[in-house]
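As a plain string of letters, each chain reads:
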Amino acid sequence: MTAIESKATEAAVEKKTATHPSALSEFWFYFSRNKGAVIGLVIFLAILFVAIFAPFVAPHSPSIQNREMLLLPPVWHAGGSWGHILGTDAVGRDILSRLIYGARFSLFIGLVVVTLSVISGVLIGLVAGYFRGTVDTFIMRIMDIILAFPSLLLALVLVAVLGPGLLNAMIAISLVNQPHFVRLTRASVMTERTKDYVIGSQVAGAGTLRLMFKTILPNCLAPLIVQATLAFSAAILDAAALGFLGMGAQPPTPEWGTMLAEAREFIQRAWWVVTFPGLAILITVLAINLMGDGLRDALDPKLKRS
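Residues numbered from 1 in each chain as written. Predicted model: local features only at pLDDT ≥ 70, side-chain atom pairs only at ≥ 80, totals over all residues. Heavy atoms only, no water.

The next point concerns the packing of aromatic side chains. Tallied over the entire structure, the rule returns 9 aromatic pairs. Taking 5.1 Å as the distance between ring centres and 80 degrees as the angle between the ring planes, the aromatic pair formed by phenylalanine 29 and tyrosine 30 counts as edge-to-face. Since its relative accessible area comes to 47%, phenylalanine 29 is described here as partly exposed. The exposure class assigned to tyrosine 30 is buried, which follows from its relative accessible area of 16%. (Phe/Tyr/Trp six-rings, centres within 6.5 Å; stacked < 30°, edge-to-face > 60°. Buried < 20%, exposed > 50% of the residue type's maximum accessible area, 1.4 Å probe, protein only.)

Here is the structure:
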């Protein structure tokens, strides 16, 4: 009887596993239904691979100047060379190598900005949504003041105060993006706080910190993940804009916005110097936004039912 019961138990477990797929497989099922999201994921992984292995992928150093090959056109253009597939810039640096190394800076900026924005925004929003009252009012009025300013203008002001540079640009962009996470976290916490499982935990004697971080916060993560993905692409755009205006990464750093700023005076006679950094920004941001749409489809229960 023991063997029979054991087999019956194993069969039941297998049946349950078959009828109730794991969270990862369920996530991939809904994510993969969005073909654009899958394409965006493939492109993003390719960019990530190139950024990580830039020293092995890039054909040249991003800072080496070749004075004999100034503004060399791409290989398919008349006068191009296979030694510089995408051509060279105004001081003879290989554009392809600078784009590859620039992916490192752009992804690093997005990662740092999103990390700072999420951590600070979630903590502040959690406090505002849980305690409500005067604390909530004070926090949200500050967030409303920040949101009242155009994001790029506010980032420019902050960088002007802190000083030009990549680090200060990342801090400024993080502060500009923070209110979105505060408002989203606050709304999610206010919704979850009144549900039965939270009230039950509170009656059972759970402390304030346990209720906030272990009971409520995990159930608010789905919209935050989607917002973080979209903020990642926005951070890359803002950093490129600050670099273009001379307030972000400083030359000769191979950052895409800085490359655009250095090349704008050659836009009419050397189109490739401006076009390729712009395309790199466009493709990266588009891929991340497509991934964000897929994450929304996979994490939103309402979209799952549809």
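Still to come is the rest of the account.
Okay, unusual backbone geometry next. Residue proline 252 follows proline 251 across a cis peptide bond; omega there is 5 degrees. Structurally, proline 252 can be placed in the loop between α11 (221–244) and α12 (256–263). The phi dihedral of leucine 71 is positive, around 55 degrees, even though this residue is not glycine. The topology assignment puts leucine 71 in the loop between α4 (54–57) and α5 (95–131). Overall, the relative accessible area of 16% leaves leucine 71 in the buried class. A positive phi angle is found at arginine 132, which is not glycine, with a value near 55 degrees. Within the element layout of this structure, arginine 132 appears in the loop between α5 and α6 (133–148). Taking relative accessible area as the criterion, arginine 132 reaches 37% and is therefore assigned partly exposed. (Helix = DSSP H or I, 4+ residues; strand = E, 2+ residues; numbered from the N terminus.)

Moving on to the side chain of threonine 215. Within the element layout of this structure, threonine 215 appears in helix α10 (residues 208–216). What makes threonine 215 buried here is its relative accessible area of 10%. Threonine 215 has contacts with Tyr197, Val198, Ser201 and Arg210, leaving out every residue within four places of it along the chain. (Contact = heavy atoms within 4.5 Å.)

Okay, the confidence of the model for the protein next. Chain-level pLDDT for the protein is 85 on average; 91% of the residues reach the 70-or-more range. Low pLDDT, under 50, characterises residues 3–9; the predicted model gives this stretch 0 contacts beyond four residues in sequence or across chains. The low-confidence segment residues 11–20 (pLDDT under 50) makes 0 contacts with residues lying over four places distant or belonging to another chain. (pLDDT = per-residue confidence, 0-100.)

Counting 43 residues, the largest nonpolar core has Ile95, Leu99, Leu107, Phe232, Trp256, Trp272 and Val273 as its most contacted members. Listing elements by their share of this core, those giving two or more residues are α3 (35–52), α5, α8 (166–193), α10, α11, α12 and α13 (271–299). Residues contacting isoleucine 95, with those up to four places away along its chain left out, are Leu86, Gly87, Thr88, Asp89, Met259, Trp272, Val273 and Phe276. Residues Leu154, Ile173, Val176 and Ala235 belong to the second largest nonpolar core, which totals 14 residues. (Core = buried A, V, L, I, M, F, W, Y, C linked by side-chain atoms within 4.5 Å.)

Moving on, we get to α12. Within α12, 7 of the 8 residues are buried, which leaves the element mostly enclosed by the surrounding structure. Those residues of α12 lying buried are Trp256, Gly257, Thr258, Met259, Leu260, Ala261 and Ala263. Buried residues belonging to α12 abut α5, α11 and α13. Measuring from the side-chain oxygen of the N-cap residue of α12 to the backbone nitrogen of glycine 257 gives 3.1 Å; that N-cap residue is glutamate 255. (Polar contact = N/O pair within 3.5 Å; in protein donor to acceptor, adjacent residues only side chain to side chain.)

In this structure, valine 198 sits in helix α9 (residues 196–203). Classification of valine 198 by relative accessible area gives buried; the value is 2%. For valine 198 and valine 118, which are 80 residues apart along the polypeptide, the C-alpha to C-alpha distance reads 23 Å. Once residues lying within four places of it in the same chain are set aside, the contact partners of valine 198 are Glu192, Arg193, Leu211, Thr215 and Ile216.

What follows deals with the pattern of salt bridges. Opposite charge on two side chains permits them to pair, given that their charged atoms come into close proximity. Evaluated as defined, the whole model comprises 9 salt bridges. A salt bridge links arginine 93 to aspartate 89, with the nearest nitrogen and oxygen atoms 2.9 Å apart. Assigned by exposure class, arginine 93 and aspartate 89 land together as buried. A salt bridge links glutamate 192 to lysine 195; the shortest N-O distance between them is 3.2 Å. Each of Asp89, Arg93, Arg98 and Glu262 takes part in one network of salt bridges that share partners. (Salt bridge = Lys/Arg side-chain N within 4 Å of Asp/Glu carboxyl O.)

Position of arginine 93 among the secondary structure elements: in the loop between α4 and α5. Using a relative accessible area of 7% as the deciding quantity, one classes arginine 93 as buried. Looking at arginine 93, its side chain comes within polar contact range of the side chain of glutamate 262, at 3.2 Å. Ignoring any residue separated from it by four or fewer positions in sequence, one finds arginine 93 in contact with Pro62, Ser63, Ile64, Gln65, Gly87, Thr88, Arg98, Pro252 and Glu262.

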